[in-house]
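Here's the letter readout for the chains.
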Amino acid sequence: MDTRFDELLDFPTFQTFKVMGVADEALPEQVIACLQEHAPGDYTPTVKPSSKGNYHSVSVSVKVTSKEHMETIYTELAKIELVRVVL
């Protein structure tokens, strides 16, 4: 992943990751488990259903320490089977 996060942000910083995936009660748990592995912390995700209820959006604020750290989190969240998009 070739990003310009280091040019746009001062690290460490808090970044809100928005993860959109299949409407499944396991989605927030899997997102938090992934975050605990790469950025341990006390997270309180916000979950919002889509208008038809087929998808959920999980938003979590995470303290990232570098460009590489941020890219790793994006990559690892995208690997979760229930996830469709990570913003």
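Residues numbered from 1 in each chain as written. Predicted model: local features only at pLDDT ≥ 70, side-chain atom pairs only at ≥ 80, totals over all residues. Heavy atoms only, no water.

> Can you explain the confidence of the model for the protein chain? Please cite residues and give values.
Residues at a pLDDT of 70 or more form 100% of the protein chain, whose mean pLDDT is 95. Highest mean pLDDT in the protein chain belongs to strand β4 (residues 83–86) (98); lowest belongs to helix α1 (residues 5–8) (80). (pLDDT = per-residue confidence, 0-100. Helix = DSSP H or I, 4+ residues; strand = E, 2+ residues; numbered from the N terminus.)

> Summarise unusual backbone geometry; cite the residues concerned and give the values.
A cis amide bond links Phe 11 to the next residue, Pro 12, at an omega of -5°. Note on placement: Pro 12 falls in the loop between α1 and β1 (13–22).

> I'd like a description of helix α3 (residues 67–78), backed by residues and values.
Compared with an ideal rise of 1.5 Å per residue, which puts twelve residues at 16 Å, α3 spans 17 Å between its outermost C-alpha atoms and is within 8% of the ideal. Within α3, burial applies to Lys 67, His 69, Met 70, Glu 71, Ile 73, Tyr 74 and Leu 77. On the buried face of α3, the contacting elements are α1, β1, α2 (26–38), β3 (55–64) and β4. (Expected span 1.5 Å × (residues − 1). Buried < 20%, exposed > 50% of the residue type's maximum accessible area, 1.4 Å probe, protein only. Contact = heavy atoms within 4.5 Å.)

> With reference to specific residues and values, describe the packing of α2 against α3.
Relative orientation of the contacting elements α2 and α3 amounts to 150°, with a least axis distance of 10 Å. One finds that α2 runs roughly antiparallel with respect to α3. You can see that α2 and α3 cross each other, and the crossing is right-handed. Between α2 and α3, the residues in contact are Val 31, Cys 34, Leu 35 and His 38 and His 69, Thr 72, Ile 73, Glu 76 and Leu 77, respectively. Among the residues forming the contact of α2 with α3, the class breakdown is five nonpolar, three polar and one charged. (Axes fitted to C-alpha atoms, helices over the stretch in contact; angles between N-to-C directions. Parallel < 35°, antiparallel > 145°, perpendicular 65-115°, else oblique. Left-handed = near helix turned anticlockwise from the far one by under 90°. Nonpolar A, V, L, I, M, F, W, Y, C, P; charged D, E, K, R; others polar.)

> Let's hear about the packing of aromatic side chains: which residues, and what values?
Considering all chains together, one arrives at two aromatic pairs under this definition. Look at Phe 5 and Tyr 74: their rings are 5.9 Å apart centre to centre, the planes differ by 15°, and that puts the pair in the stacked class. Pair noted here: Phe 5 is in helix α1 and Tyr 74 is in helix α3, with a separation of 69 residues, a long-range link. The exposure class of Phe 5 is buried, given its relative accessible area of 17%. Classification of Tyr 74 as buried rests on a relative accessible area of 13%. Aromatic rings pair up to connect Phe 5, Phe 17 and Tyr 74 into one cluster. (Phe/Tyr/Trp six-rings, centres within 6.5 Å; stacked < 30°, edge-to-face > 60°.)

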